[in-house]
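# Working through the structure, step by step
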Amino acid sequence: MQRTAKLWLLIGLAAYAVLPWYMVPGGFWSFGWLQAWSADARPALVWALGGRAWLLAPVIGLLGAALALATTRGLALARALVVSGALGLLLMAGQGLAILGNRARFEALDGLTQPGMGAGALLVAAALLFILTTGISGLGRGRGDVFITGMVGAIVALVGVFVFYPMSFILIRAFELRGGAGLGVSEFLPRFLAPDIWSIACLLGTGYCGAAMNSLLLGLATATGTTIMGLAFALIFTRTAFPAKRFLRVLTILPIITPPFVIGLVLILLFGRSGTITEFFSDAFGWEKTRWLYGFWGVWLAQMLSFTPIAFLVLIGVVEGVNPSVEEASQTLDANRWQTFRFVSLPLMRPGLANAFLLGFIESLADFGNPLVLGGNFNVLSTEIYFAIVGTVADPAKAAILSLTLLSMTLGAFLAQRTWLGKKNYATVTGKGDSGQHAGLNPALRWACYALALPWALFTMVLYALIMFGSFVKLWGYDHTLTLEHYRRAFGIVVRNGVHLTGSAWDSFLTTLTIAAIAAPLTAAVGLATAYLLVRQKFAGKDAFEFSTMLSFAIPGTVIGVAYVMAFNFPPIELTGTGLILIIVFIFRNMPVGVRGGIAAMSQLDRSLDEASVTLGASSATTLRRVILPLMGPAILAALTYSFVRAITSVSAVIFLVSARYNMATSFIVGRVENGEFGIAIAYAAVLIVTMLLAILALQLLIGRRKLRRADRLQAT
């Protein structure tokens, strides 16, 4: 405890005395602040001595920790570190929130100004936080493990700053009184329970349902469908001898790497009133042309295509992780293959099924692109929130109330999942030897999986063949003359006195890849670390902490984007217009997939593995790195894949955050669609699909296959 506290104390004091306290022009890593150290890039110590006395507040916590380390030991030292760290953080947050940019929050502070906090402030805050968590470990919390308490503290702080803080700017609007008369609760419940939100008229056959009921029905249908389809694909990969597994796996993940609106556009060109398939059946069989695609069924079909890969990525590791020994024991007791699957294998897959269902349900609720393109008169919460924010008559209070409605559904699904899983033990990976051969599927179940998955894979292949075809024709759906013009305009290259990227899409393409490459490993690391804490550790408020990690996932991306603009457009944390805000929004928007996938996979790892490692003298950090992570291959791959792809294909969360310097691929595509340049948009989408597919295959090769069984190890040799 003393050594760790001293290390963070030295880091905090060095940052306070040397590093720039505020944000510097050009960014910290340009190191231009080294030349301008005496101007805008001064450290807190210099600013404080130069007249900004309020910057002495954070150092009080550091000095308190230094005094405690010099004079006390044992529990007294631990308590002093807790008090010093907490006091320093409170004083630092207080001075940052009290003086905002060119104005102060209180009249007594009029005339005081300061810009947004920078690298020096970040390191001082981190030092104070870890001094606090080190003291907590000294009090015996977190089994007295500094690593565990530090990890809990770091994730709680990150979620608090980058989820709760920005969302508070939006959700507080739910309690605004009409006419700008302040805040109150008198109008909240009537607006929250309004009939246009909760109407069930469609279920009674008397009219349309409200947006909340539409979202609920769509979410349940999508979650059920994606979970079943993901399980079918996972069983084919792990329990059958299907010859084209590698090709089928590529088809399985294709929809998740599709830029926004492309799936909806393909479905319209196929099944719309004037679509190819609609025209064929009308001419061949005289079927009446209808607009069935624009409504519940069209949105459901698009969401099934979009979100089945998420269910598959969560379930493949869980299905693979079921221990063959328990299946062999079942068959030894004369159970047939169906009974073994029904009563042994399937119950052990419950964590994966529950998490796949929860993710599918939340993804459906928060989905914005598919309902916007295919919704027609079918209103859902995500589109209603969007129009409440950017509509002709903006109504932030309504958007906030609808967001709370959506959050209430997410909380309900979360509690239902926890109830269904209960406190049962689902561990099947124990470190003991086994044959490595899973029980095969009985013929009926195997053919049922084939009947579900193979036509779906064929349908997916047709859709993506059409996308590639559409990028090589002049105007998809009207003029099918082959051309390379769209690619030349978007990704043109001129070789003259060097290589020059002349295409209009290169800038956003390279920026997007850079940001995604930075955000993906950070997202996976935060998500899997959170899953480790939730599954392996016990601490106060764990259930509330687990639900809080889902908040950014449950809110539509449009709301997240607006919340980030409102929260980080001014001090103390000023990030708008930077590449950093895009990285942060991707990390905390996509983190829950890593959390749920990690929970599902880690629930199958027996705690005896951890205990054996600790008994042999390994620390918690070493156990995590050398025992747990090697057994988490599918979860790591799922987290990396999803976060990388979503950083490239996300549109709603970044539409308000992109800037001239940091333009994203999806923003570029939307701009081309708005200008009627569909060919360039589709060509760009095709390039992104190929790029992401190659990146995912590279990740699979890099991470490799998890070797749980003897058969895996023999196959590897």
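This write-up is about the structure you can find in this document. All values derive from a computational prediction rather than experimental measurement.

## Here's the deal with unusual backbone geometry
A cis amide bond links Pro571 with the next residue in sequence, Pro572, at an omega value of 15 degrees. Relative to the helices and strands, Pro572 resides in the loop between helix H26 (557–567) and helix H27 (579–602).

## Examining the packing of helix H6 (residues 146–171) against H27
Running from N to C, H6 and H27 cross one another at 105 degrees; their axes reach a closest spacing of 11 Å. Between H6 and H27, the angle is such that the two are roughly perpendicular. Contacts between H6 and H27 pair Leu158, Val159, Phe162 and Val163 from the former with Ile584, Phe588 and Met591 from the latter. For the contact of H6 with H27, a count of residues per class yields seven nonpolar, no polar and no charged.

## Description of the environment of Gly120
Among the secondary structure elements, Gly120 is positioned in helix H5 (residues 119–138). In this structure the C-alpha to C-alpha distance between Gly120 and Ile60, which are 60 residues apart in sequence, comes to 16 Å. Those residues within four positions of Gly120 in sequence are excluded, and the remaining contacts are Ala15, Leu19, Pro20 and Trp21.

## Thoughts on the side chain of Ser137
Following the sequence through the fold, Ser137 ends up in helix H5. By relative accessible area, Ser137 is classed as buried at 4%. Sequence-distant contacts of Ser137, defined by excluding residues within four places in its chain, comprise Gly144, Asp145, Val146 and Thr149.

## Details of the pattern of salt bridges
Inspection of the entire model under this criterion finds six salt bridges. Here Glu384 and Lys398 are joined by a salt bridge, their closest N and O atoms 4.0 Å apart. With a gap of 14 residues between them, Glu384 in helix H19 (residues 381–390) and Lys398 in helix H20 (residues 396–421) connect regions that are remote in the sequence. The closest approach of N and O atoms between Glu677 and Arg489, which form a salt bridge, is 2.8 Å. Within this pair, whereas Glu677 is found in the loop between helix H31 (665–674) and helix H32 (678–703), its partner Arg489 is found in helix H22 (residues 485–491), the two being separated by 188 residues in sequence. Classification of Glu677 by relative accessible area gives partly exposed; the value is 23%.

## A word on the packing of aromatic side chains
Scanning the model with the defined rule gives 34 aromatic pairs in all. Centre to centre, the rings of Phe285 and Trp287 are 5.8 Å apart; their planes meet at 35 degrees, and the pair counts as tilted. Since its relative accessible area comes to 53%, Phe285 is described here as exposed. Members of the aromatic cluster, each reached through a chain of ring pairs, are Phe162, Tyr165, Phe169, Tyr564, Phe568, Phe570 and Phe588.

## Examining helix H28 (residues 607–615)
Where H28 is concerned, the buried positions are Leu609, Asp610 and Ser613. With its buried residues spanning 95 degrees around the axis, H28 presents them on a single face. Close packing links the buried residues of H28 with helix H23 (506–536) and helix H29 (620–628).

## Observations regarding the nonpolar core
Counting residues in each nonpolar core, the largest one holds 183 residues, and the members touching the most others are Leu267 and Tyr564. In this structure Tyr564 touches Phe162, Pro166, Asn569, Thr576, Ile581, Ile584, Val585, Phe588 and Leu657, once residues within four positions along its chain are discounted. Listed in part, the 26 residues of the second largest apolar core include Leu19, Trp47, Trp54 and Leu77.

Each value, and the rule that gives it
- Residues numbered from 1 in each chain as written.
- Predicted model: local features only at pLDDT ≥ 70, side-chain atom pairs only at ≥ 80, totals over all residues.
- Heavy atoms only, no water.
- Helix = DSSP H or I, 4+ residues; strand = E, 2+ residues; numbered from the N terminus.
- Axes fitted to C-alpha atoms, helices over the stretch in contact; angles between N-to-C directions.
- Parallel < 35°, antiparallel > 145°, perpendicular 65-115°, else oblique.
- Contact = heavy atoms within 4.5 Å.
- Nonpolar A, V, L, I, M, F, W, Y, C, P; charged D, E, K, R; others polar.
- Buried < 20%, exposed > 50% of the residue type's maximum accessible area, 1.4 Å probe, protein only.
- Salt bridge = Lys/Arg side-chain N within 4 Å of Asp/Glu carboxyl O.
- Phe/Tyr/Trp six-rings, centres within 6.5 Å; stacked < 30°, edge-to-face > 60°.
- Arc of directions from axis to C-beta.
- Core = buried A, V, L, I, M, F, W, Y, C linked by side-chain atoms within 4.5 Å.

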